[in-house]
Every structure is written in structure tokens, then in C-alpha cells.
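Here is what each chain is made of, one letter per residue.
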Amino acid sequence: MNLFETLDILWRDWNEVFAQERTAARVRPLTYGLLLSPPRHTTSAASCALGRQVDDWSADYRVFSRSPWDPQTLFDPVIDPAIPLLPPLPAPIIGALDDTACKKSGRHIPGVATVRDPQSPPYHVNLIRGLRFVQASWMIAPLDGNGPARSLPVRFQPAPPVPKPKKNAPEPEWDQYRKRKKAHALTQIGLSTVIHLRAALDQRPDTRLRQFLISVDGSYTNQVLLKALPPRTTLIGRIRQDADLRLPLDPNAKTNGRPRQYGLKAPTPKEILDRDEIPFQEVPCFAVGEIRNFKVKTFGPVFWSKAGPHKPLLLVVIKPVGYRLRQGSKLLYRQPAFLICTDPKLDLKTLVQAYLYRWEIEVNHHDEKSIIGVAQAQTRNPQAVDRQPQLQVAAYSLLLLASLLAHGFQRTEDYLPLPKWRDRSPRPSTADLINLLRQQSLGQTFSADHPIPFDHFDETGSLDPKWQKVLNSLVEQQSRSELVDSQIFSPAPRPS
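Conventions we followed
- Residues numbered from 1 in each chain as written.
- Predicted model: local features only at pLDDT ≥ 70, side-chain atom pairs only at ≥ 80, totals over all residues.
- Heavy atoms only, no water.
- Helix = DSSP H or I, 4+ residues; strand = E, 2+ residues; numbered from the N terminus.
- Polar contact = N/O pair within 3.5 Å; in protein donor to acceptor, adjacent residues only side chain to side chain.
- Buried < 20%, exposed > 50% of the residue type's maximum accessible area, 1.4 Å probe, protein only.
- Contact = heavy atoms within 4.5 Å.
- Core = buried A, V, L, I, M, F, W, Y, C linked by side-chain atoms within 4.5 Å.
- 1 Å grid on protein atoms, 1.4 Å probe; cavity = no way out; pocket = protein on both sides within 12 Å on 5 of 7 lines; lining within 4 Å.
- Points joined across faces, edges and corners; volume = space filled by probe spheres on them.
- Nonpolar A, V, L, I, M, F, W, Y, C, P; charged D, E, K, R; others polar.
- Pairing = 2+ DSSP bridges.
- Salt bridge = Lys/Arg side-chain N within 4 Å of Asp/Glu carboxyl O.
- Phe/Tyr/Trp six-rings, centres within 6.5 Å; stacked < 30°, edge-to-face > 60°.
- Lys NZ or Arg CZ within 6 Å of the ring centre and 35° of its normal.

Undergrad: In this structure, what is going on with the side chain of Asn222? I would like to understand it.
TA: Note that Asn222 resides in the loop between strand S5 (212–216) and helix H8 (223–226). Of note is the side chain of Asn222, whose polar atom sits 3.1 Å from the backbone oxygen of Ser219.

Take a look at the structure:
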């Protein structure tokens, strides 16, 4: 099966998500339109891509604002088919957690707030207006470990900040605001996302006993997650280089006053990196297109007040990796990585590889906002503002999964040829998948094996005007795509 047929089979599981069959029948082509509509990925653009620009478009908007369905169940068709792609037991499930902000221009959109721009330079923090989301993704890698991982989004939870009351508001209103702000913080939403994912794994017999490794950055390495992790869940997160760590408590030590909970002060992560008496270990992991040896130091178990006195941690220090901007240039170094792991007995190679795979969630954020067009829809209904981005991310995740099931991890000859300035590509990009899906969907529509149904013709034998508009729209998109391809892949004329 090709990409289009595999994706269509995966989308059949969405019929159970919606309460009515007509809603599912409307969502399926609408999702195709959201994926394939150029250049803006809005509801109206999706209707135009389907040739329904002169029809009543209100039903497309009511799918997100009125129809009763749970957006989190959209990711179940991603989890179930992805389980056979995981390595066999006792290998853990590797995931990543991070938040992102989607830019919005309207001031009256529900949930829009002023947030920090993640692309601002480190010496000057910029602000943008946008919607916040917390995303969790699974890492699906080749079973032999020799290749990049695919990050499949399995949760995309809205995280709007709590509205701030006016300055002259009464004190009880300010107290309520402080409580709600603490309860709806990004870390609290991240914790609830991890708990829901662990519960989803426990409901499936193939993943009930698997360990769930979740890799996070420094903003989620705090006491909210460390102290409330669900069972069979391990957190790998970055930590400050001057973190105040403690050694295990000596049971024979006698002290006056109340009992101690922590031992003596442990070396900081920076001091562990500089100490020569602690040797480096070479850990082979896949990164940047090939297997590379990383020099790693471990120290533990240690304890941290953010995790509590009953949770031992493993401190992992990764030596800075050297690189050159070009051949023969000066050798530069990246920053060292200081990590903590809540499972001190975890295999070191698995730990480092899970941390390296965390970069794939950043690739998800880039593709979702630049190619898929998440949160570009101009909606004002509070329910639609939350639902439509989750539907787009779930469709994007299904697209990635369909590419793995249909063509594997490598870039096959089914995709369009690479430009002349690119000699190789370890895997197809999201743009490659969109182009291939557009090509196969148009071929499926006009192929002889799938003719136009007879009920689309009138008594005179002419095609119904409604379906004629659909075909005209598809033909226009196909001709535009062929024109772009001819301009890109045709050889440049030689000068006379």
C-alpha cells in the first residue's frame, strides 16, 4: 500500500471518536483539506481545496465548535498501530515533553496571551502574542538503532494562562487568581499529560509493564514533576551546573536536634566535569546521521531537595562535543550537558540516546507551525480554538505513522527526487510527505480503478455541477504543482 491508502486506513479508527457518522464523514475530507491546502491552513482554505467554496461552510466550523468529541482520543489511532514498531520487551518507551507557542494576531481570541518568543536572541528577550500548548511525543526508531527516530505526537494539550485581574480588584479575587495560576502552570499541565499517557499505556497489555522514559528540558526538571511521577515512569532532564546536590545519608551518623534527611554536600555538576579522578566513559549513540562516541561521566546516587529525600537520582555529565563550521576551520565546542535521571539503574546508553532523541520534538514544533499550519485558523469559539490545533497535530502524527508503515524509515524512490544541491537525505521530510500525499490523492481520484460514481451525473449524462467544481479545483492544484515541479527540476537553459 502507498502512503495515501495507509493513511486512509488509519483514519478509519476516527469513526469511533465522533458521536455521529455524518460528523466523521465531514472530518475526513476536511482533514485532507487542512493538510493539503496551500498556503494558509485554515478551515476556509480547506473548504476551497475540496471545491466547496460556494457551498454552505457553516457545518465545517460547527465540527469544532458544537460536535461532542474528545480531542485526546484522536491520538489513540496513533498509539495502537505504533506499538508493533517499538523494540521488544524489556526495552522502554522513549518520549519527550515540551511546550510551544503558536503566533496569533487577534487580541480577542480566547486563550491568547503575551508570551516569550522562543526564537528571540539570548541577549534580548522578545514577546509575542500567541497560544500555548504542551506536547508529548513518542520516539519510534529503527530496531537496529542505526538511524534517526521519528517523533510521533501523542498529546497536544492547550495551556492558556489564567487571566490577570485588574489592579483595583478585591483581595479575594487576587487570592483566587494566585491559586488558579499555580494550578494551570505549564509544569502542572505537563504533569497531567504524563499521568494520562501512563494511564493509556497501562490500559494496553503490550505496554503495561514497559518503562516510560520521558525526556524534558530544564523548565520541567522541578519538584512538580519529580515528586509526582506516576509508577514505571522515568524522567531525564537537564539541571543547572551549580545545582545543590547531596550525598546519601550515613545511617551511623549521630546528630543533635531533629533527624537529618540528606547527607553531606555533593560536588556540583560543573565540579564533576572538571574532576580528573572521575573517568569518562565512551557511549556510542546515534546522532547527526551516524553512530558517534560521547564521553560521559556518571555520579550517584545523589539527592536533590526538588525531588525529595526518598528519590535517588543519577547525575550524568556529557562532555562538550567539538565541531567545525567548515573543513580546516577552527575547532569549536558546544555546551556540556548536565542531566539527572530518576532511575539510577538505567542503562547508560539508553539514557544518553533518549536525551539525544529529544531534539525530534523540536522538529515537530517546526513542522507543525511552518508546514502543517497549526493554529492558523481564524476561530473565535473557545472550544474551536482548542480543538482545531489538536486535530491538525493528530493528523500530522497519523501522516508520520503512515509513512513508517508504508515506506519504512528510509527515503525510497516513491518520493520526488532531491534537488541537485542535496546529495542524500536520511529520511523523507514532512514536505516530502505532503507532496507525495497530494500526488497520490489526485492519482487515486482520477485513476481508472476508482471512477466517478454514477450518482454524480444528472439525467443528461453531464457531471453534477457540485462535483465538477471539486474536479476543477483538483485539476488546478495539480497543474500548479506540476508547474512548480517543472521550474524546480527542469535543467537551467545554457547561455548562448
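Undergrad: Can you walk me through the environment of Ser425 in this structure?
TA: Looking at where Ser425 falls in the secondary structure, it is placed in the loop between helix H12 (382–407) and helix H13 (430–446). Ser425 sits in the buried class, given a relative accessible area of 15%. Contact partners of Ser425, with chain neighbours within four places excluded, come to Arg411 and Leu418. Only 3.4 Å separates the side chain of Ser425 from the side chain of Arg422, close enough to count as a polar contact.

Undergrad: Would you explain the nonpolar core in this entry?
TA: The nonpolar side chains of soluble globular proteins are, as a tendency, buried together. Judged by nonpolar contacts, the single largest core of 90 residues is most densely connected at Trp14, Leu97, Trp138 and Leu437. Ranked by residues supplied to this core, first place goes to H12 with 13 residues. The residues contacting Trp14, other than those within four sequence positions of it, are Val27, Thr31, Leu74, Pro77, Leu391, Ala394, Ala395 and Leu398. Counting residues in each nonpolar core, the second largest holds 26 residues, with Ala149, Tyr355, Tyr357 and Ile361 among its members.

Undergrad: Looking at this structure, how should I read empty space enclosed by the protein?
TA: According to the stated counting rule, one finds four cavities of 30 Å³ or more in the structure shown. Each pocket or cavity is described by its volume, and for the largest cavity that value is around 60 Å³. Around the largest cavity sit Lys104, Ile109, Leu131, Ala375, Ala377, Thr379, Ala384, Val385, Gln388 and Pro389, which together line it. The dominant element in the lining of the largest cavity, judged by the number of residues it contributes, is H12, at four residues. Grouping the constituent residues of the lining of the largest cavity by class yields seven nonpolar, two polar and one charged. Roughly 50 Å³ of internal volume is contained in the second largest cavity. Along the walls of the second largest cavity sit Gly111, Leu131, Arg132, Phe133, Pro158, Ala159, Pro160, Val385 and Asp386, which together make up its complete lining. If you tally residues by element for the lining of the second largest cavity, the top one is strand S3 (residues 127–140), at three residues. Its residues assigned to classes, the lining of the second largest cavity comprises six nonpolar, one polar and two charged.

Undergrad: Even after reading the chapter, I still don't get the pairing of strand S8 (residues 281–287), so can you show me in this structure?
TA: Both faces of the sheet carry side chains from a regular strand, because those side chains alternate between them. Inspection of the sheet shows S8 paired to strand S9 (residues 290–304) by seven bridges, in the antiparallel sense. Bridging from a neighbouring strand, Val283 pairs with Phe294 of S9. Counted between consecutive antiparallel strands, the loop separating S8 from S9 contains two residues, among which Val288 sits at a positive phi close to 55°.

Undergrad: I keep staring at the environment of Glu360 and nothing clicks. Help me out?
TA: Positionally, Glu360 belongs in helix H11 (residues 359–372). Residues Glu360 and Met139 lie 221 residues apart in sequence; the distance between their C-alpha atoms is 7.9 Å.

Undergrad: Looking at this structure, how should I read unusual backbone geometry?
TA: Both trends apply: most residues other than glycine have a negative phi, and most peptide bonds are in trans. Here the amide bond leading from Leu89 into Pro90 is cis, since omega sits at 5°, within 30 degrees of zero. With respect to the secondary-structure elements, Pro90 resides in the loop between helix H5 (76–82) and strand S1 (93–103). The residue after Gly300, namely Pro301, is reached through a cis peptide bond having omega 5°. Here Pro301 lies in strand S9. The phi dihedral of Arg232 is positive, around 60°, even though this residue is not glycine. Considering the arrangement of structural elements, one finds Arg232 in the loop between H8 and strand S6 (233–238).

Undergrad: What is the right way to read the pattern of salt bridges from this model?
TA: Between side chains of opposite charge, a pair can form as their charged atoms come close. Applying the stated criterion across every chain yields a total of 17 salt bridges. Linking Arg26 and Asp60 is a salt bridge whose minimum nitrogen-to-oxygen distance equals 2.7 Å. Taken together, the residues Arg26 in helix H2 (residues 21–36) and Asp60 in helix H4 (residues 58–65) connect sequence positions 34 residues apart. By relative accessible area, which is 29% here, Arg26 ends up partly exposed. Given the relative accessible area of 2%, Asp60 is considered buried. Arg204 is the partner of Asp76 in a salt bridge, and the nearest nitrogen-oxygen pair spans 3.6 Å. Residue Asp76 is located in helix H5, and its partner Arg204 is located in the loop between helix H7 (186–202) and S5; the two are separated by 128 residues in the primary sequence. Residues joined in a network through salt bridges with shared partners are Asp76, Asp80 and Arg204.

Undergrad: Where do I start with the packing of aromatic side chains in this structure?
TA: Here a ring pair, both rings aromatic, is described through the centre-centre distance and the interplanar angle of the planes. Using the criterion set out here, one finds six aromatic pairs in the structure. A ring pair is formed by Trp11 and Trp14, whose centres lie 6.0 Å apart and whose planes are at 45°; its orientation type is tilted. Trp14 matches Trp11 in its accessibility class, with the two residues each being buried. A centroid spacing of 4.4 Å and a plane angle of 80° characterise the contact between Trp11 and Tyr32, whose relative ring orientation is edge-to-face. You can see Trp11 sitting in helix H1 (residues 3–11) and its partner Tyr32 sitting in helix H2, a full 21 residues away along the chain. Here Trp11 and Tyr32 have matching classes, each one buried. Through a chain of ring-to-ring contacts, the aromatic side chains of Phe4, Trp11, Trp14 and Tyr32 assemble into a single cluster. One Lys or Arg, Lys297, reaches over the ring of Phe280 and ends 4.5 Å from the middle of that ring. Lys319 extends its terminal NZ or CZ atom over the ring of Phe280, reaching a point 5.5 Å from the ring centre.

Undergrad: Help me understand the pairing of strand S4 (residues 150–158), please; the structure alone is not making it clear to me.
TA: S4 sits mainly inside the fold: eight of its nine residues count as buried. Where S3 and S4 come together, eight bridges link them in antiparallel fashion. Looking across to S4, one finds that Gln135 is bridged to Phe156.

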